[in-house]
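Next come the chains, spelled out residue by residue.
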Amino acid sequence: MTQIKEPIARVVPLLGMPHLDRPFDYTVPDKLDQSALPGVRVRIRFAGRLVDGLLIERRRTSEHGGNLKPLERVISPIRVCPPDMWELVEELASRSAGVRSDILRTAIPPRHAAAEKAGLFGGGKDWEELYGSLIPVEELREKSLSAASSAAEDYAHGAAFLRAVLAGKNAMASWLTLPGADPTYIAAAVAAATVWNAEDAGVLVVVPNQKEVDRVSANLLRWVSGAQITEMTTTEGPHARYRRFLSILHGQGRLVVGTRSTAMAPVRNLRLIVVLGEGDDNLVDPRAPYLHAREIAKLRAEKQGAALVTIGVHRSAEIQQWISEGSVHSIDADRPVIAEHLPLIRALGETDLQREREAYSRGSRIPALAFQALRACLEANRPALVLVPRRGYSPALSCSSCRTPARCRHCNGPLELPASGTNTLPRCRWCGATEGLFTCPSCGNHTVRMTVVGQDRTVEELGRAFSSVPIISSGGEHVKTFVPERASIIVATPGAEPIVKAETADSPMGLYGAAIMLDPWIMLGREDLRAQENAIRQWMQAASLVRPHGEGGMVVFTADASLNPVQTIIRWDPIGSAERELASRREAHFPPAVTVAAIDGTAESIAELQHHWHMPEKVELLGPVELPPGIRLPAGLDKPEAHRARRLIVRVPHEQSRALGESLKTAQAVRATTKHPGPLRVVMNPVRIG
């Protein structure tokens with residue numbers, strides 16, 4: 001029998017435990033020599049039971065002095081983790097203080113035997129052959145390149161970036177789109193031009209949600225067929241998701257569009273990564289190690305020499321930090337071009353504010369300026385958008401006498417009015433208990449008033465004022481994708497704004513005639529480091545759906561025109577907004593100016609971690625303090641124990657970020673070996689700090 005040249009297999013068990021997150025050596029039986037290759041899934045015997053593992057390396061010898069157990073079997077001969085993916089996993093685990101198996105769980109979908117048996121799509125045809133023979137390939141290349149060049153012509157450095165991508169350069173850019181432009185159309189045009197005109201190029205488009213996936217795919221159909229688009233989202237079943245993953249792995253899926261986990265899809269010869277809406281919280285994985293698709297995309301582009309572009313109407317402080325460092329360049333339009341595309345944006349002056357206060361005391365919170373804009377829009381037979389910060393009818397109540405927030409007597413949760421009606425009783429948003437007779441703990445009063453008005457109440461108010469006009473609600477579990485381009489009022493929550501159907505098939509999308517931003521103080525008043533940045537982003541996204549001022553488009557803010565965030569929208573200054581946000585973060589020593597780790601748990605579990613933690617240099621500790629409101633409790637703590645939750649903030653300069661991640665990972669591994677470790681969660685650079 002021929003001796004195996006590399007008889008040792010190094011395997012990472014997929015257990016999700018910090019203290020077991022390292023390779024273990026096993027022998028390779030003769031019968032598995034040809035199939036047990038790096039990157040395949042295997043079954044191993046570990047601590048007396050059979051578990052799944054990932055084979056990452058074959059070696060001649062082992063550093064382990066004792067006897068080695070053999071591999072039990074190879075689950076599948078398909079190498080699901082290519083070398084570049086494993087290198088990315090290793091880097092992300094070190095930076096995020098995470099466990100490799102948690103990252104692999106996100107990157108590689110569960111095996112589906114039927115999907116492997118079904119094979120590749122179209123009988124294994126190459127990507128180009130999946131289009132068919134309706135239009136010559138040369139014509140498709142020319143059309144896609146022409147569309148991408150046309151989309152870039154209004155932006156400084158847009159054409160230069162496109163040339164760099166097609167030349168295979170590692171160009172990185174932040175593309176700020178014009179008001180009224182469709183970011184999904186620009187992303188689709190650049191992606192199609194790259195995949196058709198760069199030899200064997202792979203393209204990855206990462207978006208925040210399913211609605212954006214659908215829009216990008218619909219725009220891509222102008223230049224490619226549906227069979228050439230590989231969508232990767234959570235809506236597919238296990239069979240479809242795994243089969244699409246295999247298509248990408250084998251090089252057939254070269255044009256991939258998906259949500260946050262798609263950022264790690266093993267696209268071959270990756271030439272371009274596009275990230276849409278990079279400031280959206282949906283791009284953050286809610287599971288450990290809480291990775292952001294934006295960070296994964298940049299790290300991957302650097303390691304694989306691909307181009308990266310973030311596209312959107314707004315820019316986050318994180319992107320501005322990269323620009324200030326010189327690793328990312330800005331693509332934006334000149335001021336005269338922006339002014340040509342802007343709607344008329346107005347806010348409330350002193351007289352308007354006084355009138356609004358008087359009207360609000362009579363039960364209406366929509367000022368006269370907004371009513372005028374709505375009437376003008378409807379008379380022109382165009383749809384109008386009304387943006388409301390909160391869902392529900394009245395999601396926040398207070399005592400009508402002393403204004404103390406109304407809380408549930410059972411769990412201390414906030415009380416709300418769930419639906420319209422004179423006999424509706426307040427109920428708790430947390431436990432659902434009905435408050436039969438509210439009693440204010442401060443003054444003993446029994447009546448409540450609405451402090452926050454939700455989407456449903458707004459629909460009711462507008463229905464009374466415009467009884468002959470269709471009122472369409474979009475938010476929560478009932479999000480509208482499209483609305484017709486005719487007179488109607490659409491009441492939507494941020495992120496749920498429907499797209500207006502274009503008048504002609506050649507237009508990327510239609511536009512609203514007017515937009516009203518109600519209750520902006522709710523978004524600005526949130527207890528969140530990113531409250532102002534998120535508010536400006538959501539307002540800009542909504543305002544960019546409105547026609548230019550030359551076509552009668554108008555945006556009204558029901559807020560004081562002198563407020564800095566409102567002035568940012570009026571001046572349409574996303575670059576200045578990002579620069580000011582970054583400057584304020586630097587002054588306060590918060591991300592992205594520094595690296596921060598949030599350690600959540602109980603006072604005991606945090607102290608236990610600190611006991612095992614060898615802190616790197618220049619570490620600054622803040623806390624522990626109570627866990628900020630609105631942040632999910634760490635696993636192991638239930639709502640009755642919420643009062644025990646604590647947060648410790650750790651700050652270090654950027655040059656110490658890797659050392660911080662590795663030291664926290666090691667401390668978690670040591671702590672996990674102790675008896676009865678308490679609840680604990682470590683998040684590097686969390687989106688919500690408090």
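Residues numbered from 1 in each chain as written. Predicted model: local features only at pLDDT ≥ 70, side-chain atom pairs only at ≥ 80, totals over all residues. Heavy atoms only, no water.

(A) Region of the structure containing the UniProt feature "domain: Primosomal protein N' 3' DNA-binding" (unreviewed entry) in the protein chain. Taking the UniProt record as the reference, the feature "domain: Primosomal protein N' 3' DNA-binding" (unreviewed entry) is found at residues 17-109. Within residues 17-109, the helical portion is 24% and the strand portion 25%, while the C-alpha atoms at the span's ends are 19 Å from each other. (UniProt positions renumbered as here; feature names shortened; annotations may be inferred. Helix = DSSP H or I, 4+ residues; strand = E, 2+ residues; numbered from the N terminus.)

(B) A look at helix α10 (residues 317-325). Counting buried residues along α10, seven of its nine residues qualify, which places the element largely inside the surrounding structure. Those residues of α10 that sit buried are Ala317, Glu318, Ile319, Gln320, Gln321, Trp322 and Ile323. Those residues of α10 that are buried lie in contact with β6 (172-176), α9 (293-304), β11 (307-312), β12 (329-331), α16 (531-543) and α18 (574-588). A positive phi of about 95° marks Gly326, the residue just after α10. (Buried < 20%, exposed > 50% of the residue type's maximum accessible area, 1.4 Å probe, protein only. Contact = heavy atoms within 4.5 Å.)

(C) Structural detail: helix α6 (residues 183-197). The first and last C-alpha atoms of α6 sit 21 Å apart over 15 residues, in line with the 21 Å expected at 1.5 Å per residue. With 13 of 15 residues buried, α6 is to be regarded as a mostly interior element. (Expected span 1.5 Å × (residues − 1).)

(D) Examining the UniProt feature "binding site: Zn(2+) 1" (unreviewed entry) in the protein chain more closely. Here the UniProt-annotated "binding site: Zn(2+) 1" (unreviewed entry) positions come out as Cys399, Cys402, Cys440 and Cys443. Annotated residues spanning 45 residues; largest pairwise C-alpha distance 8.7 Å, indicating a single compact cluster. Within the fold, Cys399 resides in strand β15 (residues 396-399). Of note, Cys402 is situated in the loop between β15 and β16 (415-416). With relative accessibility at 33%, the residue Cys402 sits in the partly exposed group. Not counting residues up to four positions away in its chain, the partners in contact with Cys402 are Cys440, Ser442 and Cys443.

(E) Broad picture of the domain arrangement of the protein chain. When cut into domains, the protein chain gives domain 1 (8-80), domain 2 (117-338), domain 3 (343-393 + 454-571) and domain 4 (594-684). The centre of domain 1, based on its C-alpha atoms, is set 32 Å off from the matching centre of domain 4. (Domains from an automatic or database assignment.)

(F) Fine view of the pattern of salt bridges. Following the criterion strictly, the structure yields 47 salt bridges and no others. Two residues, Arg105 and Asp102, come together in a salt bridge whose shortest N-O distance is 3.4 Å. Highlighted residues: Arg105 and Asp102, both in helix α2 (residues 100-107), separated by three residues, approximately one helical turn. The exposure class of Asp102 is buried, given its relative accessible area of 14%. Among the salt bridges present, the one from Arg547 reaches Glu485, with a minimum N-O distance of 2.7 Å. One end of the pair, Arg547, is in the loop between α16 and β24 (554-560); the other, Glu485, is in the loop between β20 (482-483) and β21 (488-492), with 62 residues separating them in the sequence. On the basis of relative accessible area, Arg547 is assigned to the buried category, the value being 10%. Counted as one network, the salt bridges with shared partners bring together Glu278, Arg294, Glu295, Glu318, Arg530, Glu533, Glu581 and Arg585. (Salt bridge = Lys/Arg side-chain N within 4 Å of Asp/Glu carboxyl O.)

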